[in-house]
Amino acid sequence: MLTMVERFSGPALEIMAGAKNAAAHIPPLWSLEATVAVNPYVGQAGEPLHMAAARLARVAGVRTVAERAHFKAKFAAHDLSVADLEAGLAEVADLVATVEDLIAAMDKTVAAPETLPTLADLAEEVSDINWPDFVAERIGHWAGGHYDTGQALWPAPKTRAWLSWRSFAQRDLTPEIFGLTGFASRVAGMSMSARGALTKCAEDMGITAEACESYFHTLLMRLGGWAQLASGEAFRANLKGGANNDITDLLTAKLVFEAALLARYKDQIGDKWAAVLEAHAQPIVPSQDDLIDAALQAAADHAAARALDATLAQPGASAVEAADVQAAFCIDVRSEVFRRALEASGNSIETIGFAGFFGIAAAHHSFASDVSEVRGPVLINPGAASAATDPQDSDMLTRVSRRVTRAWGRFRLAAVSSFAFVEATGPLYLGKLVRDSLAQKHPQLGNDPAPALAASIPLADRINMAVGILSGMSLKSGFGKVILLAGHGAGVVNNPHASALQCGACGGHAGDVNARLVAQLLNDVDVRAGLATNGIDIPADTVFLAGLHDTVTDEVRLYEGDLPEGHTQGAAIATLRTALKTAAKATRTERLARLPRATDAAAVMERAKDWSETRAEWGLAGCSAFIAAPRSRTAGRNLSGRSFLHTYDWQQDTNFQVLELILTAPVVVASWISLQYYGSSVAPDAFGAGNKLLHNVTGGIGVVEGNGGVLRGGLPWQSVHDGDAFMHDPLRLSVAVEAPRDAITDILKRHDGLAALFDNGWLRLFAMDSEGRLGWRYTGKGAWVSLRGDAALGTIAAE
């Protein structure tokens, strides 16, 4: 018998390598219950924008940069200057053009890219049967059941994706009805190994080693969110040290359809198919339009950095000396508006920016639940266990109630009882319909009993956690009387994408659990004693208070019941409560202008309860910058809710460990958020979730438009567009850090993946000078250029 190496040697190994490389181009996707933002270009991070544009034009027929009219409008509004265009040209070395050429190009309408056709496309041309949609529907029909997370009444058996699809396809007569005679028997005769089936199909179709990666990438892009979901399965398995091959299995299923269509129509499409393979075998080469688009995008990014620098140059607020109240918020751009309003409330409150999981990535069990939720960044594994408990011992009663509710729901939807149910009880639901229509249903947000860290976590580990948290916040001294740890969440109803509005650093959940865990940790007497031995002396009367900022209503809930008994800070908390109310009103007023149909502040509040509202809030639309610096650099300056703000003091950072953590975790998470909004804006067909009004939830994992077909990843159209114009300006994130350039460069040298994002221009990196302005720009491969005297950014003072 042949060994595995002998069976898959030579051309077969090259085909499998092409499949692996194609899979690496596909971004991961998380299910709706815990949606997190994902960089749709993560697979292209190793190449510059113009190369990615050429690649995605070939395999998906989508743009990677906004339409030329977008840049023309910026130029006409003087948001884009000649100096910006000159800077953009300088960044695209392969482009031979002048500023006048770029200005003229803005008037040119560039046709949408055309992807290379699949065999399903070619078969449609000669048969008048919509084979692409048919194949998408059949694979989607199977995948919805295979990946179901509890929506289905009769769950599919859990087995490897290829074996599951193979079993399904052997019994699915739909392809035969549509004209693929013998399809079921073809599948039945295939290898039980996805590798074997894939390489056999590739051999039958004449796919060469040179063409396979590009062609397989095309097929995976046609699978849309299903391929992304499978990529996510691999991402999560790799994070835990395992492996998952679902994406290759899905590719094989798609390839089986392609091979069957070639066999069916070979006489009519054989020559065209050979030409397609030849085109896929050619190297990726950016066109002149790709290079011009890249220069225009670089110019727009440069203009955004110029505007950011001008804002940083404005006079700021005076530093708060010995503040009685300090408030730590998530770095989320929505917190910027609230922090500015809170500081302006007149109560001498100092605010701090920190990643919203507050340094504890927990595997958390919500109240009366056995489901483990990841309450931390998806880039790392949870490091602690926690659970919500109720001293009133109502856990069992709640579980029984939930089981009754689930049983009732299954009865309503069961194959037989559903018909009688509608006939008999339909009118009884009129009251519920009226209540929901009148916005009487209130969102459930942050209502669980207090969580607690697992008792098994040793005191030494708890102390180390606390040291890391306070060091990461640059808060080792100068403690106030009350320190608020405000997580954030979004209270909405009837929104399948609700988790996309929650805290990304908390794994797509609200941040109340993490805030409460950290507050309890830092209030612990034994932990504080351990902190003192590490040089962090917290006054005995200081209390850490957890809160939850609802980003829809801007109300902040305080968890005062979690505080230690006998604390003496009632007056300071009362002052904080008043200031939070004032800040909430000011924040709602500022947000009002951007929200469709929001006539006054009261209307903003009502959006949380309106089940027909497709834009309860704008989430992180508009995000364009990340700033890691002392708050004094940004305090009192209106950053318009577009900047992630991380408090950081490099002079407190021994060996730059905190800086390394910021660059490798919060900055990367922010880049995923920024580029998801970017991709959902410029390429909504490939990287957006489509129209909310057409959505149907499938399997509890995602949405499809209509009643089946391709799963839609990314953000819905209503998350980036208000019906008349885009609410997100597609820009690459400008990362500004106040730290020595050598320290930043050394960190990049140790993290190739992070360096690739900056070296290839997916993120833009700036070092701030001693005046808190953008002093240097990173140009790649460890090199920096001074921005002093830059005509576009303006003269920047010497350090």
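Thresholds applied
Residues numbered from 1 in each chain as written. Predicted model: local features only at pLDDT ≥ 70, side-chain atom pairs only at ≥ 80, totals over all residues. Heavy atoms only, no water. Helix = DSSP H or I, 4+ residues; strand = E, 2+ residues; numbered from the N terminus. Rg over C-alpha atoms; globule rule 2.2 N^0.38 Å. Buried < 20%, exposed > 50% of the residue type's maximum accessible area, 1.4 Å probe, protein only. Contact = heavy atoms within 4.5 Å. Areas by Shrake-Rupley, 256 points an atom, 1.4 Å probe, with all protein chains shown as cover. Lys, Arg positive; Asp, Glu negative; His and termini not counted. Charge placed at Lys NZ, Arg CZ, Asp CG, Glu CD. Pairing = 2+ DSSP bridges. Axes fitted to C-alpha atoms, helices over the stretch in contact; angles between N-to-C directions. Patch = residues over 30% accessible without salt bridge, like charges linked within 9 Å, V, L, I, M, F, W, Y side chains within 5 Å. Salt bridge = Lys/Arg side-chain N within 4 Å of Asp/Glu carboxyl O. 1 Å grid on protein atoms, 1.4 Å probe; cavity = no way out; pocket = protein on both sides within 12 Å on 5 of 7 lines; lining within 4 Å. Points joined across faces, edges and corners; volume = space filled by probe spheres on them. Phe/Tyr/Trp six-rings, centres within 6.5 Å; stacked < 30°, edge-to-face > 60°. Lys NZ or Arg CZ within 6 Å of the ring centre and 35° of its normal. Core = buried A, V, L, I, M, F, W, Y, C linked by side-chain atoms within 4.5 Å.

Engineer: So what exactly am I meant to see when it comes to the overall build of the protein here?
Structural biologist: Per the secondary structure count, the protein includes 30 helices and 19 strands. Computed over C-alpha atoms, the radius of gyration of the protein comes to 28 Å, within 12% of the 28 Å expected from 2.2 N^0.38 for 799 residues, which places it in the range of a compact globule. Taking all 799 residues of the protein together, 56% fall into the buried category. Sequence separation of 24 or more characterises 73% of the internal contacts of the protein that already satisfy a separation of 6 or more. With the model as given, the accessible surface of the protein reaches about 33,200 Å², and the carbon-plus-sulfur share is 54%. Across the protein, 69 positive and 88 negative side-chain charges occur, with their mean positions spaced 4 Å apart.

Engineer: Even after reading the chapter, I still don't get the sheet that holds strand β8 (residues 543–550), so can you show me in this structure?
Structural biologist: Hydrogen bonds along the backbone pair up the strands of a sheet, which may run parallel or antiparallel. Ordered by their spatial adjacency, five strands build an open sheet running β2-β1-β7-β8-β9, and the pairing between neighbours is mixed. Both outer strands of the open sheet, β2 (349–354) and β9 (556–558), are each paired with one neighbouring strand and no more. In this sheet, adjacent strand axes meet at a mean angle of 25° when their direction is disregarded. Alignment of strand β7 (residues 482–489) against β8, held across eight bridges, turns out to be parallel. Following the sheet pairing, G487 is matched in β8 by L548.

Engineer: Would you mind showing me how to read a nonpolar patch on the surface here?
Structural biologist: On the surface, a nonpolar cluster with roughly 340 Å² of combined accessible area is contributed by L173, I177 and F178. Within the secondary structure layout, F178 lies in the loop between α10 (174–177) and α11 (183–188).

Engineer: Before we go on, may I ask you to explain empty space enclosed by the protein in this structure?
Structural biologist: Remark: the empty space left among the atoms is shown by a probe the size of a water molecule rolled over them. Counted under the stated rule, the structure contains seven cavities of 30 Å³ or more. Taken as a whole, the largest cavity spans an internal volume of roughly 290 Å³. Lining of the largest cavity is provided by 30 residues; of these, C503, G504, A505, V669 and I673 occupy positions nearest its centre. At the level of elements, α27 (666–682) and β15 (715–716) are the ones that each hand at least two residues to the lining of the largest cavity.

Engineer: How do you make sense of the sheet that holds strand β16 (residues 734–737) when you look at a structure like this?
Structural biologist: Taken in spatial order, the six strands of this open sheet run β11-β10-β16-β17-β18-β19, and their pairing is mixed. Of all the strands in the sheet, the pair left with one neighbour each is β11 (643–647) and β19 (783–786). Strand after strand, the sheet turns through a mean of 25° between neighbouring axes, direction not considered. For strand β10 (residues 625–629) and β11, the ladder comprises five bridges, and the chain directions are parallel. By the bridge assignment, A628 is partnered in β11 with H646. Of the strands in this sheet, β16, β17 (764–768) and β18 (774–780) are in contact with helix α30 (residues 752–759), which crosses β18 at around 105°.

Engineer: Which parts of the structure should I look at to understand the pairing of strand β5 (residues 384–388)?
Structural biologist: In the case of a regular strand, side chains alternate between the two sheet surfaces. With burial as the criterion, only one face of β5 is covered, namely that bearing A384, S386 and A388; the residues A385 and A387 on the opposite face remain uncovered. In this structure, strand β3 (residues 362–365) lies alongside β5, joined through four bridges in parallel fashion. Each residue of the ladder has a partner; that of A363, found in β5, is A385.

Engineer: Hey, could you run me through the packing of aromatic side chains in this one?
Structural biologist: Any aromatic ring pair is given by two values, namely how distant the centres are and how the planes are angled relative to each other. Using the criterion set out here, one finds 22 aromatic pairs in the structure. Look at W131 and F134: their rings are 5.4 Å apart centre to centre, the planes differ by 90°, and that puts the pair in the edge-to-face class. With W131 and F134 both in helix α8 (residues 131–146) and three residues apart, the pair spans about one turn of that helix. For W131, a relative accessible area of 0% puts it in the buried group. Grouped by ring-pair contacts, the aromatic residues Y41, Y678, F687 and W762 constitute a single cluster. Here R236 stacks its cationic end above the ring of W30, 4.9 Å away from the centre of that ring. Taking NZ or CZ as reference, R741 lies 4.1 Å from the ring centre of W776, over its face.

Engineer: Just checking my understanding: could you explain the nonpolar core for this structure?
Structural biologist: For soluble globular proteins, the rule of thumb is that nonpolar side chains tend to be buried together. Core analysis: the biggest nonpolar cluster contains 156 residues, and W165, M205, I207, F216, W273, F626 and F644 have the highest contact counts within it. Ignoring anything within four residues of it in the chain, the contact list for F216 reads I15, G18, A19, A22, L198, I207, L251 and L255. Of all hydrophobic cores here, the second largest spans 37 residues; its members include L445, M473, L485 and I538.

Engineer: In this structure, what is going on with the side chain of T118? I would like to understand it.
Structural biologist: Mapped onto the fold, T118 is located in the loop between α6 (99–105) and α7 (119–127). For T118, a relative accessible area of 2% translates into the label buried. Excluding residues that lie within four positions of it along the chain, T118 makes contacts with T218, L219, R222 and E258.

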